[in-house]
Amino acid sequence: MTAADDGALATDTAVLYDVRDGVGVITFNRPQRLNAWGPEIAAGFYAAIDHAEDDPAVRAIVVTGSGRGFCAGADLGPATSLEDPDADTSDTDVAQLVGDRPAHFLTELRKPVIAAINGYCVGIGLTHALMCDIRFASAGAKFATAFSRRGLIAEHGITWILPRLTGWGAAMDLLLSGRTFLAEEARELGLVNDVVAPELLLTRAVDYARDIAANCSPASLAVIKSQAYRDALDDVATVTARAETLMYESLARPDVIEGVTSFLAKRPPDFPPLGER
């Protein structure tokens, strides 16, 4: 994997990557398959994520899809299988299909990940979108867990993240029925932060990420993200004690001085980039 002359990362055509004003934009690029998840998408996605995570010039990440789909679930073979409840999956190699990382690895990154859901978002595609930190969707985009309608169980950690976003009742509805629902309902349920016109979706997501990149401390973002996902599993006393320790650590970083100084001077902050993982 090498950097192209225009600043874009040369990856397999299944996944495109470029950097825009401190934002790494990752695009699933199998539109003829509605960007269904398979080995090529998985490998390209992991490579692009690693590059964005390790690049000090990248301070936020946007993930989207080309064409009519964000990711229409697992690639089970013929094009008709993407939305066919009777598709034959008996020859599917799950390990090869999914790749070598669980979807929740997105929650363990140090940088915020924003999903720009441009169309079909189903199954493992939905799980990856939910593991992003912020989600924007285009009006009319279609969502579904779909697992129960394929004879599958709730896969890839979706039973961990979905109830945390929607509450128990709504999560059970979506998991058990496997029904299709639209972006507008997804917003009402708390699955997406905003719904915008399709032609404005990527601009909305990238502008949001640019604001983070320009005005937020990378060190603070990394710690806050870690806190949010870890603290959800602990009691309040443990969380408070850990936050106090993290606060003292943050006071020793130059980010605090820069944050206060830039605020008082009414100028944009110039926070230092993250170091190596």
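All of these numbers come straight from a predicted model, not from anything done at the bench.

Scoring rules and cut-offs
Residues numbered from 1 in each chain as written. Predicted model: local features only at pLDDT ≥ 70, side-chain atom pairs only at ≥ 80, totals over all residues. Heavy atoms only, no water. 1 Å grid on protein atoms, 1.4 Å probe; cavity = no way out; pocket = protein on both sides within 12 Å on 5 of 7 lines; lining within 4 Å. Points joined across faces, edges and corners; volume = space filled by probe spheres on them. Nonpolar A, V, L, I, M, F, W, Y, C, P; charged D, E, K, R; others polar. Axes fitted to C-alpha atoms, helices over the stretch in contact; angles between N-to-C directions. Helix = DSSP H or I, 4+ residues; strand = E, 2+ residues; numbered from the N terminus. Parallel < 35°, antiparallel > 145°, perpendicular 65-115°, else oblique. Left-handed = near helix turned anticlockwise from the far one by under 90°. Contact = heavy atoms within 4.5 Å. Salt bridge = Lys/Arg side-chain N within 4 Å of Asp/Glu carboxyl O. Buried < 20%, exposed > 50% of the residue type's maximum accessible area, 1.4 Å probe, protein only. Core = buried A, V, L, I, M, F, W, Y, C linked by side-chain atoms within 4.5 Å. Pairing = 2+ DSSP bridges.

### Things to note about empty space enclosed by the protein
The tally for this structure, following the rule as stated, stands at one cavity of 30 Å³ or more. Empty space within the largest cavity amounts to approximately 60 Å³. If you trace the largest cavity, you find it lined by Asp55, Pro56, Val58, Arg59, Arg110, Lys111, Pro112, Pro218, Leu221, Pro273 and Leu274. A breakdown of the residues in the lining of the largest cavity according to their chemical character gives seven nonpolar, no polar and four charged.

### Notes on the packing of helix α3 (residues 124-131) against helix α4 (residues 158-166)
Viewed as axis vectors pointing N to C, α3 and α4 meet at an angle of 55°, and their least axial separation amounts to 10 Å. On the basis of the axis angle, α3 is oblique to α4. Classified by chirality, the crossing of α4 by α3 is left-handed. Every residue of α4 that contacts α3 at Leu126, Thr127, Leu130 and Met131 is listed here: Ile158, Trp160, Ile161, Leu162 and Leu165. Looking at the contact of α3 with α4, its residues break down into eight nonpolar, one polar and no charged.

### With respect to the pattern of salt bridges
According to the stated counting rule, one finds twelve salt bridges in the structure shown. A salt bridge links aspartate 75 to arginine 33; the shortest N-O distance between them is 2.3 Å. Note that aspartate 75 is positioned in the loop between β6 (69-72) and α2 (94-98) and arginine 33 in the loop between β4 (23-28) and α1 (39-54), a separation of 42 residues in sequence. Judged by its relative accessible area of 13%, arginine 33 is buried. For aspartate 133, the salt bridge goes to lysine 225, with nearest N and O atoms at 2.8 Å. Pair noted here: aspartate 133 is in the loop between α3 and β9 (134-138) and lysine 225 is in helix α8 (residues 218-231), with a separation of 92 residues, a long-range link. Salt bridges sharing common partners tie together Asp21, Asp207 and Arg210.

### Things to note about the nonpolar core
Side chains that are nonpolar tend, in soluble globular proteins, to be buried together. With 49 residues, the main nonpolar core has Phe45 and Phe143 as its most contacted residues. It is α1 that contributes the most residues to this core, seven residues altogether. Aside from chain neighbours lying at most four places away, what touches phenylalanine 45 is Val15, Ile26, Phe28, Trp37, Val63, Phe105, Leu106 and His128. Among the nonpolar cores identified, the runner-up in size contains 15 residues, and Ile114, Val196, Ala205 and Val206 belong to it.

### Considering the pairing of strand β7 (residues 113-117)
The side chains of a regular strand alternate, residue by residue, between the two faces of the sheet. Burial within β7 is extensive, with five of its five residues counted as buried. Of the two faces of β7, both are covered, the one formed by Val113, Ala115 and Ile117 as well as the one formed by Ile114 and Ala116. With four bridges connecting them, strand β5 (residues 60-65) and β7 associate as parallel partners. When the sheet's bridge partners are listed, isoleucine 61 is paired in β7 with valine 113. Bridging between β7 and β9 involves four bridges; their strand directions are parallel. Bridge assignment links alanine 116 to a residue of β9, and that residue is phenylalanine 136.

### Structural notes on the sheet that holds strand β10 (residues 142-144)
Spatially, four strands are ordered β6-β8-β10-β11 in an open sheet, and the strand pairing comes out mixed. Each having just a single partner strand, β6 and β11 (181-182) make up the two edges of the open sheet. Across the sheet, α3 touches β6, β8 (120-122) and β10, and the angle it forms with β8 is around 95°.

By themselves, these are just geometric observations and shouldn't be taken as functional.
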